[in-house]
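# A structural walkthrough
Here's the letter readout for the chains.
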Amino acid sequence: MALKLGYARVSTEQQNLDRQLDALRSAGIQDKNIFCEKMTGTKSHRPQLDALKEKIELARELDAEAEISVTIESLSRLGRSTKDLLNLLDYFKGLGVQLISLKESIDTNTPTGQLLITVLSAISQFERDLIVQRTSEGLKAARARGRKGGRPEVNPKKLETALALYRSQEFSIRQIVEQTGISQATLYRKIKELDSES
C-alpha cells in the first residue's frame, strides 16, 4: 500500500492556498489527501496538521509496511522554527514516513535529505547553546552590579493561602491568582512539588 499525503498552510485567512495546492496536485497528491491550514506556523497544535498525523498513525496501524509520504510546497509551510521543524521530522522518521519538500528539492529518503536533517539538528543545538551562553553572561553581569538573577522570591504566606484555597476546591485557579497575587506558574509548580513528595 502507498499513501501520498500533502500539507499546505498559509499564516492568515486572507492569504491564498492556490499556489501550494497546484504544486501538490502536480506532484500527484489527490485533493482528498491534502490537508489545508490557515494559521500561523508558530503554533505546535494545528488542527489540520494533527489530522494529518492521525491519518498517518491509522495507516501505519493498518499496514506496518505501507509506503507513506508527506509532500509540502516548502519547509517553511511545515514549521517556522528549526526546533519545530526538527520535531516534525523526527516524528515522521519514527513512523517511517518520507517527507518531500518541492521548493527545496528535498526527500528525506535520500542522502541529501538525511544531510539536511543533520545540518538542521546542528543549527538547533547551536541556537540552544547560544541561548544558554547569553543567559549565563546576563546573570553574571547582573550579579556584578549587585542584582540577583532567577525567579523573584515568593511571599510564603501568600503561597500558603493560595494552596489552602486550591485545596478547598471552591475556587478556580484564576480566582486564586487574583485573590493572592501568586502567579499561575508558581502555584502550579508548588502543587506539582507537593504531589511528587506525597
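Residues numbered from 1 in each chain as written. Predicted model: local features only at pLDDT ≥ 70, side-chain atom pairs only at ≥ 80, totals over all residues. Heavy atoms only, no water.

### Quick look at the pattern of salt bridges
Two side chains carrying opposite charge are able to pair once their charged atoms lie near each other. By the definition in use, this model includes seven salt bridges. Among the salt bridges present, the one from Asp 31 reaches Arg 25, with a minimum N-O distance of 2.7 Å. A salt bridge links Lys 190 to Glu 193, with the nearest nitrogen and oxygen atoms 3.6 Å apart. With Lys 190 and Glu 193 both in helix H8 (residues 184–197), this residue pair falls three residues apart, about one helical turn. Note on Lys 190: relative accessible area 27%, which makes it partly exposed. The exposure class assigned to Glu 193 is partly exposed, which follows from its relative accessible area of 35%. What you see here is one network of salt bridges that share partners, running through Asp 22, Arg 25 and Asp 31. (Salt bridge = Lys/Arg side-chain N within 4 Å of Asp/Glu carboxyl O. Helix = DSSP H or I, 4+ residues; strand = E, 2+ residues; numbered from the N terminus. Buried < 20%, exposed > 50% of the residue type's maximum accessible area, 1.4 Å probe, protein only.)

### With respect to helix H6 (residues 156–168)
For H6, built from 13 residues, the straight-helix expectation of 18 Å at 1.5 Å per residue is met to within 8% by its first-to-last C-alpha distance of 18 Å. When we look at burial in H6, the residues that qualify are Leu 159, Ala 162, Leu 163 and Leu 165. Each buried residue of H6 sits inside an arc of 160 degrees when the element is viewed along its axis, so together they form one side. Facing away from the buried side of H6, by more than 90 degrees, are the exposed residues Pro 156 and Lys 157. With a side-chain oxygen lying 2.9 Å from the backbone nitrogen of Lys 157, the N-terminal cap of H6 falls on Asn 155. Where H6 ends, the next residue or the one after it, Gln 169, has phi of about 60 degrees, a positive value. (Expected span 1.5 Å × (residues − 1). Arc of directions from axis to C-beta. Polar contact = N/O pair within 3.5 Å; in protein donor to acceptor, adjacent residues only side chain to side chain.)

### Description of a nonpolar patch on the surface
A cluster of nonpolar side chains, namely Leu 115, Val 119 and Ile 123, defines an oily patch on the protein surface of about 250 Å² accessible area. Turning to its location among the elements, Ile 123 is positioned in helix H5 (residues 111–144). What makes Ile 123 partly exposed here is its relative accessible area of 37%. (Patch = residues over 30% accessible without salt bridge, like charges linked within 9 Å, V, L, I, M, F, W, Y side chains within 5 Å. Areas by Shrake-Rupley, 256 points an atom, 1.4 Å probe, with all protein chains shown as cover.)

### Quick notes on the pairing of strand E1 (residues 2–10)
The buried fraction of E1 is high, at seven of nine residues. Bridge count between E1 and strand E3 (residues 67–72): six bridges; the pairing is parallel. Counted as the bridge partner of Leu 5 is Val 70 from E3. Note that E1 and strand E2 (residues 34–38) share five bridges and pair parallel. (Pairing = 2+ DSSP bridges.)

### Comments concerning the layout of surface pockets
There is about 150 Å³ of room inside the largest pocket. Lining the largest pocket are 13 residues, with Lys 4, Glu 67, Ile 68, Ser 69 and Gln 98 positioned closest to its centre. Going through the elements one at a time, E1, E3 and strand E4 (97–101) are the ones with two or more residues in the lining of the largest pocket. No other element matches E3, which puts four residues into the lining of the largest pocket. (1 Å grid on protein atoms, 1.4 Å probe; cavity = no way out; pocket = protein on both sides within 12 Å on 5 of 7 lines; lining within 4 Å. Points joined across faces, edges and corners; volume = space filled by probe spheres on them.)

### Some points on unusual backbone geometry
A positive phi angle is found at Ser 105, which is not glycine, with a value near 55 degrees. Note on placement: Ser 105 falls in the loop between E4 and strand E5 (106–107).

### A look at the pairing of E4
With four of its five residues buried, E4 lies for the most part within the structure. When E3 meets E4, the two strands line up parallel, connected through five bridges. The partner of Val 70 across the bridge, within E4, is Leu 99. Relative to E5, E4 runs antiparallel, the two sharing two bridges. Of the residues in E5, the one forming a bridge with Ile 100 is Asp 107. A loop of four residues connects E4 with E5, the two strands running antiparallel in sequence, and Ser 105 in this loop sits at a positive phi of about 55 degrees.

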